[in-house]
Amino acid sequence: MKLDRRQVLGLTAGAAVLAVAGVRVSPVSAAAEETAKRVMQFTGGKKPEAGKITLKAPEIAENGNTVPISVSVESAMSGNDVVASVIILAEGNPNPEVATFHFTELSGKASATTRMRLAKTQNVVAVAKMKDGSVYSVTRQVKVTIGGCGG
Amino acid sequence: MNSTTLKWAGLFATATVFAAGAAVAEPDNNTLVIDGNQLVTDVEAPKGSPLSRIYSGWRFRSPETQTFEMDDFENPAFPAVEQGEALWSTVDGEAGKSCATCHNDASETMKGVRASMPKWNEKLGKPHTLETQVNACRTENMKAEAWKWEAPNMLAMTAYIGLQSRGMPVKVQTDGPMQKWNDNGKELYYTRVGQLDMSCANCHEDNYGKMIRADHLSQGQINGFPTYRLKWGGLGSIHRRFSGCMKNIRATPYKRGSDEFIALELYLASRGAGLSVETPSVRN
Amino acid sequence: MAKAKPRVKVPKSAKAGEVITIKTLISHKMESGQRKDKAGKVIPRNIINKFTCEFNGAKVFGCDIDPAISANPYLEFTAKVNESGEFKFSWFDDDGSVYETSKKIEVK
């Protein structure tokens, strides 16, 4: 069979789709469970509420090696309204832990930016723990393009 | 692979050929400004080019990847650039010299160097790339050991030297003794090789702007090298990228520093004439 | 590997009580412990596992870092400055090394 260029491009693309489909079959729920367990550890068993915390991440990451993420929590950062820490977890990585930020009143704001590795398309979870013990969380899906070309 | 999977593969392949044809995502319209200086990321193609307009690879990247290059602090290549700056004035070799001994302040003496490489060298009887020029200085003038093509020190030094030309238009000599090299590079560019039987042109001339699998194909311009690739998690040379492309099409890559890769580098530089040097760029 | 090199970006001056943005980056391969070498052997983990920032001896910001942070770890955060002084930044390597740097800021 002689393939012309377009067919080759298509075939390679087809293989990529299959690869993604293959990954989807794997038990995502186990990883999500592990992440949920980590969240509970972090919050001391308290179920986080929605709101207050924002997670910024690309909808589609061009490369899973370096995905920029920013997290910020609404807070006066003084008195009782202080964010103590924020944990970032990735459901689909070999280990869910990514980073834990620790803030103080001297932080001024509860916001931080870093760059993370994502093994595949998955949910990224951020949980904030306030000084008064309340906890908030947010989840965002980041699609990771597998392989691509590019040597 | 069983027959069901094969059928699926076929279906997917057909669907995606369609998508590749339909999903034409041209380069974006973003503007690259670094430190208040605007760089040229698209320009009318040089005379004799099969393209009408040429675009820096930056224009094909996602906004997040683009942002990494727009601030020298956020650009992950800069620790290496600083390493290059330190090496510039570090004495090495039996002659007791550093780069700075002869070339003083790189920000003046190295201005424009990256933009004009590869450059003909009479003594050598062939073009110097930035890497071979650095090593010629090291072995002949400094009496120091040559660095390997992809050694961290070499990448740091070529990134530091390249940065001094950032914003200057790429302009290489292609006539006189360089013509033969440029012609050889052109021939390599259009020759189909490897098990996939593809040439550089098949992707980077005929299909740039389209998606190949999940990747947005660029014109394969080399104005930002050495480049920090997110995939590599570090800097890499032009020849490393060539090598990666050749592996992708299941061909046996030429060696880094081979006459073939030097010729191809020259030809690609000439195809990118007029684009700003972006060293050290950031790509996916 | 080559010695890790920290970089930080802090404004030279600020108004009293101003919240400033600090950017930090350190050159480090962040070997995750998940990769295998050509012989199929797991490459042992070697990462920067912790970062701290202090101002005149008081804690400003800290981060526990896991292998999922990218090579050449980048951290951007804020600090409220009430007086002139010095920021101290520390990165802690799995191998026991501590990389430190500091930056002064003038409050006008």
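Figured I'd write up the structure that's included with this text. (Residues numbered from 1 in each chain as written. Chains lettered and ligands numbered in written order. Predicted model: local features only at pLDDT ≥ 70, side-chain atom pairs only at ≥ 80, totals over all residues. Heavy atoms only, no water.)

**Comments concerning the overall build of chain C**
Here is the rule we go by: Only DSSP runs of H or I reaching four residues or more are called helices, and only runs of E reaching two or more are called strands; each is numbered from the N terminus. Using a 1.4 Å probe on the protein chains alone, a residue whose accessible area is under 20% of its type maximum counts as buried, one over 50% counts as exposed, and one in between counts as partly exposed. Contacts: residue pairs with any heavy atoms within 4.5 Å of one another. Residue-level accessible areas treat just the shown protein chains as cover; the underlying method is Shrake-Rupley with a 1.4 Å probe. We score Asp and Glu as negative and Lys and Arg as positive, and we do not count His or the chain ends. In plain terms, the charge of a residue is placed at NZ if it is Lys, CZ if Arg, CG if Asp and CD if Glu.
The secondary structure content of chain C amounts to 0 helices and 8 strands. Expressed along its principal axes, the backbone C-alpha trace of chain C runs to roughly 60 × 20 × 20 Å. Buried positions account for 47% of the 108 residues belonging to chain C. In chain C, once contacts between residues fewer than 6 apart in sequence are set aside, the share between residues at least 24 apart is 58%. Of the roughly 5,400 Å² of accessible surface on chain C, a fraction of 48% belongs to carbon and sulfur atoms. Separation between the mean location of the 20 positive side-chain charges and that of the 14 negative ones in chain C comes to 5 Å.

**Focus on the interface of chain B and chain C**
The criterion, for reference: When a carboxyl oxygen of Asp or Glu is within 4 Å of a side-chain nitrogen of Lys or Arg, the pair counts as a salt bridge. Two N or O atoms count as a polar contact when they lie within 3.5 Å, although within protein this holds only if one can serve as hydrogen donor and the other as acceptor, and sequence-adjacent residues are included solely when both atoms are side-chain atoms. Any residue that is not Ala, Val, Leu, Ile, Met, Phe, Trp, Tyr, Cys, Pro, Asp, Glu, Lys or Arg is counted as polar, Gly included; the first ten are nonpolar and the last four charged.
With 11 residues of chain B in contact, the opposing surface of chain C contributes 12 residues. One can count 4 salt bridges joining chain B with chain C. Ionic pairing is found between Lys 23 of chain C and Glu 74 of chain B, a salt bridge with its closest N-O pair at 2.8 Å. Scanning the region where chain B abuts chain C turns up 5 residue pairs in polar contact (both at pLDDT 80 or more). Looking at the side of chain B that touches chain C element by element, the count peaks at 4 residues for helix 3 (residues 78-88) of chain B. The residue inventory of the side of chain B that touches chain C, partitioned by class, reads 5 nonpolar, 2 polar and 4 charged.

**Here we look at the side chain of Glu 62 of chain A**
Within the fold, Glu 62 of chain A resides in the loop between strand 2 (60-61) and strand 3 (67-73). A relative accessible area of 17% means that Glu 62 of chain A is categorised as buried. Polar side-chain contacts of Glu 62 of chain A include one of 2.6 Å to the side chain of Thr 65 of chain B. Not counting chain neighbours up to four residues away, the residues in contact with Glu 62 of chain A comprise Thr 145 of chain A together with Phe 60, Arg 61, Ser 62, Thr 65 and Asn 284 of chain B.

**Focus: the pattern of salt bridges**
A full pass over the atoms with the stated rule returns 24 salt bridges over all chains. Between Glu 82 of chain B and Arg 7 of chain C there is a salt bridge, with its nearest N and O atoms 3.0 Å apart. Separated into two different chains, Glu 82 of chain B in helix 3 and Arg 7 of chain C in strand 1 (residues 6-9) make up a pair that spans both. Given a relative accessible area of 27%, Glu 82 of chain B falls into the partly exposed group. According to the relative accessible area criterion, Arg 7 of chain C is buried, its value standing at 12%. The salt bridge partner of Arg 271 of chain B is Glu 205 of chain B, with a shortest N-O separation of 2.9 Å. Within this pair, whereas Arg 271 of chain B is found in helix 11 (residues 259-271), its partner Glu 205 of chain B is found in the loop between helix 9 (200-204) and strand 7 (211-212), the two being separated by 66 residues in sequence. Summarising the burial analysis for this pair, Arg 271 of chain B and Glu 205 of chain B share the class buried.

**Structural notes on the sheet that holds strand 9 (residues 227-229) of chain B**
All names here are of chain B. Defined as follows: Any two strands with at least two DSSP-identified bridges between them are counted as paired.
Pairing within the open sheet is mixed, and its 3 strands lie in the order 10-9-11. Strands at the two margins of the open sheet, each flanked by one partner only, are strand 10 (234-236) and strand 11 (282-283). Sheet topology note: the strand 9/strand 11 ladder contains 2 bridges and is parallel. What sits directly across from Tyr 228, in strand 11, is Val 282.

**Digging into the pairing of strand 3 of chain A**
Residues and elements named next belong to chain A. Counting buried positions along strand 3 gives 6 out of 7 residues, so the element sits mostly inside the fold. In terms of strand pairing, strand 1 (residues 53-56) meets strand 3 through 4 bridges, oriented antiparallel. Bridge pairing in strand 3 links Leu 55 to Val 71. Here strand 3 runs beside strand 6 (residues 110-116); their pairing, made up of 7 bridges, is antiparallel. Counted as the bridge partner of Ser 72 is Ser 111 from strand 6.

**Structural notes on the sheet that holds strand 6 of chain A**
Strand pairs in the sheet, formed through backbone hydrogen bonds, run parallel or antiparallel to each other. The cut-off we apply is this: To get an axis, fit a line to the C-alpha atoms, keeping to the stretch in contact for a helix; angles then go from 0 to 180 degrees between the N-to-C directions.
The 6 strands are arranged 1(A)-3(A)-6(A)-6(C)-3(C)-1(C) in an open sheet whose pairing can be described as antiparallel. Every interior strand has two partners, whereas the edge strands, strand 1 of chain A together with strand 1 of chain C, have only one. On average, adjacent strands in this sheet sit at an angle of 20 degrees to one another, irrespective of strand direction. Bridge analysis of strand 1 of chain C against strand 3 (residues 18-26) of chain C gives 4 bridges, and the strand direction is antiparallel. Bridge assignment links Arg 7 of chain C to a residue of strand 3 of chain C, and that residue is Leu 25 of chain C.

**A few points about the interface of chain C and chain A**
Stated formally: Throughout, the accessible surface (probe 1.4 Å) given up by two parts as they are put together, summed over both, is called the buried area.
On the chain A side, the residues contacting the 28 residues of chain C number 26 residues. When chain C packs against chain A, close to 2,100 Å² is buried across both sides, 50% of that on carbon and sulfur atoms. Three residues, Ala 68, Ser 70 and Tyr 74 of chain C, lead the burial of chain C against chain A; their summed loss comes to 23% of the area buried on that side. Our count for the contact surface shared by chain C and chain A stands at 21 residue pairs in polar contact (both at pLDDT 80 or more). Of all elements in the fold, only strand 3, strand 5 (58-65) and strand 6 (74-81) of chain C reach the threshold of two or more residues within the side of chain C that touches chain A. The dominant element in the side of chain C that touches chain A, judged by the number of residues it contributes, is strand 5 of chain C, at 8 residues. Pairing analysis gives 3 bridges linking strand 6 of chain A to strand 6 of chain C, with the strands arranged antiparallel. Paired with Thr 113 of chain A across the strands is Glu 76 of chain C, a residue of strand 6 of chain C.

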